[in-house]
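Per-entry structural report
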Amino acid sequence: MVALALCFTYVMAQEAGAEAVEETADGPPPALAAFGVSAGFPSYQTIAPAISLQSGHFGVQLKASWTPAGPYVGVQLRGYPPVSLPVPLFLGVGAGVYGNDVSYHAALGAHVPLGLALRLDLEAGVASVPLLGGRQIAPHLAAGISYAIPVQTGAGSSVTGSDRAAAAACAVPREPDESALRGAVSRVVDEWILSARATYGSVYTELRYSYEIVRSAVNGDAGEVEISYSGSVREIATGQRVSASGTASATFRWNGCSWSNTGVSY
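Residues numbered from 1 in each chain as written. Predicted model: local features only at pLDDT ≥ 70, side-chain atom pairs only at ≥ 80, totals over all residues. Heavy atoms only, no water.

Below, the discussion takes up the side chain of Q61. Its place among the elements puts Q61 in strand β4 (residues 58-67). Setting aside anything within four residues of it in sequence, one finds Q61 in contact with A50, I51, S52, G74, V75, Q76, R78 and E123. (Helix = DSSP H or I, 4+ residues; strand = E, 2+ residues; numbered from the N terminus. Contact = heavy atoms within 4.5 Å.)

What follows covers the pairing of strand β9 (residues 134-151). In the sheet, strand β2 (residues 31-41) pairs with β9 via eleven bridges, with the strands oriented antiparallel. In the sheet register, F35 faces β9, and the bridge partner there is Y147. Pairing between strand β8 (residues 118-131) and β9: 14 bridges, direction antiparallel. Note that in β9 the partner of A124 across the bridge is L141. From the end of β8 to the start of β9, which pair antiparallel, there are two residues, and L132 there has a positive phi angle of about 55°. (Pairing = 2+ DSSP bridges.)

Another point: the nonpolar core. Ranked by size, the top nonpolar core spans 24 residues in total, and within it Y204, Y209, V225, I227, F252 and W259 carry the most contacts. Among the elements of the structure, α3 (181-200), β10 (204-219), β11 (222-235) and β12 (241-254) are those that each provide at least two residues to this core. No other element matches α3, which puts eight residues into this core. Core analysis: the next-biggest nonpolar cluster, separate from the first, contains six residues, Y44, Y72, V129 and A138 among them. (Core = buried A, V, L, I, M, F, W, Y, C linked by side-chain atoms within 4.5 Å. Buried < 20%, exposed > 50% of the residue type's maximum accessible area, 1.4 Å probe, protein only.)

Close approach of charged atoms lets side chains of opposite charge pair. Within this structure, the stated rule accounts for eight salt bridges. One salt bridge in this structure joins E206 and R241, with 3.2 Å as the shortest N-O distance. With a gap of 35 residues between them, E206 in strand β10 and R241 in strand β12 connect regions that are remote in the sequence. By relative accessible area, which is 23% here, E206 ends up partly exposed. You can call R241 partly exposed: its relative accessible area is 29%. The partner of D221 in a salt bridge is R253, and the shortest N-O contact between them spans 2.7 Å. (Salt bridge = Lys/Arg side-chain N within 4 Å of Asp/Glu carboxyl O.)

Moving on to the environment of A69. Inspection of the secondary structure puts A69 in the loop between β4 and β5 (70-79). Separated by 32 residues in sequence, A69 and D101 have C-alpha atoms that sit 8.6 Å apart. For A69, the residues in contact, after removing those within four places along its chain, are Y98 and G99.

In structure tokens form, the structure reads like this:
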């Protein structure tokens with residue numbers, strides 16, 4: 001499953017030769033805030049910047065654009081059903097105002113992950129629009145790109161005291177520090193698990209995974225870590241556990257002070 005791949009393939013071990021590590025990530029999923037732009041029909045949303053927020057099975061989107069009748073401002077309420085598919089689906093209903101007119105719509109949509117934060121947003125449905133003193137049913141179509149940021153609503157922080165101390169201590173560039181890969185891969189773990197839980201929290205729950213390092217290497221200012229992993233999640237709709245396993249690797253570049261992730265492959 002793509003969702004399982006997102007949860008597991010981007011999990012890196014902390015150091016070469018480490019024992020297999022087992023983790024559980026459960027509880028309410030993080031919220032997901034997204035900022036993007038879309039194009040669509042009817043023409044009041046031809047080019048429309050949008051912001052949205054999802055928390056669990058519910059979400060809301062605000063959209064604005066310019067029309068010959070003046071600015072268009074729309075809102076859409078979303079429900080995310082626990083459908084076990086590789087991409088999150090949502091059902092949306094909304095309304096928009098432009099000039100003296102009001103439009104209504106209902107649509108089925110999907111967020112297609114393109115990476116850690118980037119996603120393709122698609123919608124298709126029907127709209128009720130004013131026309132010649134009456135109302136007419138028209139297609140509602142929208143496609144766009146958005147940048148999604150998980151928002152941790154519980155306790156905890158991705159920046160530890162040791163992270164801050166290390167950043168403050170780097171006053172001048174220094175030689176690559178192989179031991180610092182340990183902290184770098186830990187940050188990658190936190191980012192990908194947080195993103196996966198925020199994206200798929202309406203579909204899966206009870207994430208459990210284990211991972212073990214199989215290779216770690218540093219060549220100049222380039223570093224690479226390879227791991228083996230396995231894990232499972234529970235489908236909310238069916239209650240069944242589904243699992244995945246395999247290998248993944250991540251590459252890093254030393255910027256003079258710390259390691260920055262440059263890519264993940266699996």
